[in-house]
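The chain contents come next:
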Amino acid sequence: MADLSAKEVEKAEFAFSIYDADGTNVIDAIDLGNVLRALNLNPTNATIEKLGGTKKKGEKLMKLDEFLPIYSQCKKDKDQGCYEDFVECLKLYDKQENGTMLGAELSHTLLALGEKLSDAEVEEVLKDCMDPEDEDGFIPYTPFLRRLCEREED
């Protein structure tokens, strides 16, 4: 892949191998999004489907040499959110304009808007990324987003 560095190819091969259940250099296309997210990308579900991901296990298999161009394309894709985009979204819930929002509103937002998360996924994200609520139920949202969007530096 001419537009991927040797280090990026190595990372892609490693992430791919994690989802290669039987060591045959093939993954189930249902795991395409998981592999891309393991590589610190944030593709939407629609993008994953467009790139060849499936919704059912066993529908399609994908080889490493098919995955690398998808990874390269997804790295260039601007149709994924970044930290600054998410901060702007959560500012809508910052009624006091002090960098905080209700923890309950954050939970509701993750459950109900955009690409909705399941209750278990929301619980895991909040446990891993959210600071404790203050006595009024507010949390600072920028540290939450920073933790959520952290990317491994190359």
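For clarity, every value in this text was computed on a predicted model and none was experimentally measured.

1. A word on the environment of Ile-30
Part 1 of the argument: Mapped onto the elements, Ile-30 comes out in the loop between strand E1 (26-28) and helix H2 (32-38).
Part 2 of the argument: Overall, Ile-30 belongs to the partly exposed group, its relative accessible area being 31%.
Part 3 of the argument: Setting aside anything within four residues of it in sequence, one finds Ile-30 in contact with Thr-54, Lys-55, Lys-56 and Lys-57.

2. Concerning the nonpolar core
Part 1 of the argument: Judged by nonpolar contacts, the single largest core of 21 residues is most densely connected at Leu-32, Leu-36, Leu-39, Met-62, Phe-67, Leu-68 and Tyr-71.
Part 2 of the argument: Elements represented by at least two residues in this core include exactly helix H1 (6-19), H2 and helix H4 (64-76).
Part 3 of the argument: With six residues, H4 is the single largest residue contributor to this core.
Part 4 of the argument: Every residue in contact with Leu-32, bar those within four places of it in the chain, is listed here: Ile-27, Ile-48, Leu-51, Gly-52, Gly-53, Met-62, Phe-67 and Ile-70.

3. Let's talk about helix H6 (residues 103-112)
Helical geometry: 3.6 residues make up each α-helical turn, so side chains three or four residues apart lie on a common side.
Part 1 of the argument: The set of residues buried in H6 consists of Gly-103, Leu-106, Ser-107, Thr-109 and Leu-110. Angularly, the buried residues of H6 cover 160° about the axis, an arc narrow enough to put them on a single face. Exposed side chains of H6 directed beyond 90 degrees from the buried face belong to Ala-104 and His-108.
Part 2 of the argument: Against helix H5 (83-91), strand E3 (100-102), helix H7 (119-129), strand E4 (138-140) and helix H8 (141-149) lie the buried residues of H6.
Part 3 of the argument: Where H6 ends, the next residue or the one after it, Gly-114, has phi of about 60°, a positive value.

4. Structural notes on the packing of aromatic side chains
Part 1 of the argument: Under the counting rule described, the total for this entry stands at two aromatic pairs.
Part 2 of the argument: Judged by centre distance (6.1 Å) and plane angle (5°), the rings of Phe-67 and Tyr-71 are stacked. With Phe-67 and Tyr-71 both in helix H4, this residue pair falls four residues apart, about one helical turn.
Part 3 of the argument: Accessibility expressed as a relative area gives 0% for Phe-67, which makes it buried.
Part 4 of the argument: Overall, Tyr-71 belongs to the buried group, its relative accessible area being 3%.
Part 5 of the argument: Among the aromatic residues, ring-to-ring pairing joins Phe-16, Phe-67 and Tyr-71 into one connected group.

5. Notes on the UniProt feature "domain: EF-hand" (unreviewed entry) in the protein chain
Part 1 of the argument: What UniProt calls "domain: EF-hand" (unreviewed entry) maps, in this numbering, to residues 7-42.
Part 2 of the argument: Annotated as residues 7-42, this span is 56% helix and 8% strand, and its ends, taken at the C-alpha atoms, are 20 Å apart.

6. Some points on the domain arrangement of the protein chain
Part 1 of the argument: Each assigned domain of the protein chain is listed with its residue range as follows: domain 1 (6-76) and domain 2 (83-148).
Part 2 of the argument: For domain 1 and domain 2, the distance between their C-alpha centroids amounts to 28 Å.

7. Some details on H4
Part 1 of the argument: An ideal rise of 1.5 Å per residue puts 18 Å on 13 residues; H4 measures up with 19 Å between its terminal C-alpha atoms.
Part 2 of the argument: Burial in H4 covers these residues: Leu-64, Phe-67, Leu-68, Ile-70, Tyr-71, Ser-72 and Cys-74.
Part 3 of the argument: The elements touched by buried residues of H4 are H1, H2 and strand E2 (61-63).

Rules used in this analysis
- Residues numbered from 1 in each chain as written.
- Predicted model: local features only at pLDDT ≥ 70, side-chain atom pairs only at ≥ 80, totals over all residues.
- Heavy atoms only, no water.
- Helix = DSSP H or I, 4+ residues; strand = E, 2+ residues; numbered from the N terminus.
- Buried < 20%, exposed > 50% of the residue type's maximum accessible area, 1.4 Å probe, protein only.
- Contact = heavy atoms within 4.5 Å.
- Core = buried A, V, L, I, M, F, W, Y, C linked by side-chain atoms within 4.5 Å.
- Arc of directions from axis to C-beta.
- Phe/Tyr/Trp six-rings, centres within 6.5 Å; stacked < 30°, edge-to-face > 60°.
- UniProt positions renumbered as here; feature names shortened; annotations may be inferred.
- Domains from an automatic or database assignment.
- Expected span 1.5 Å × (residues − 1).

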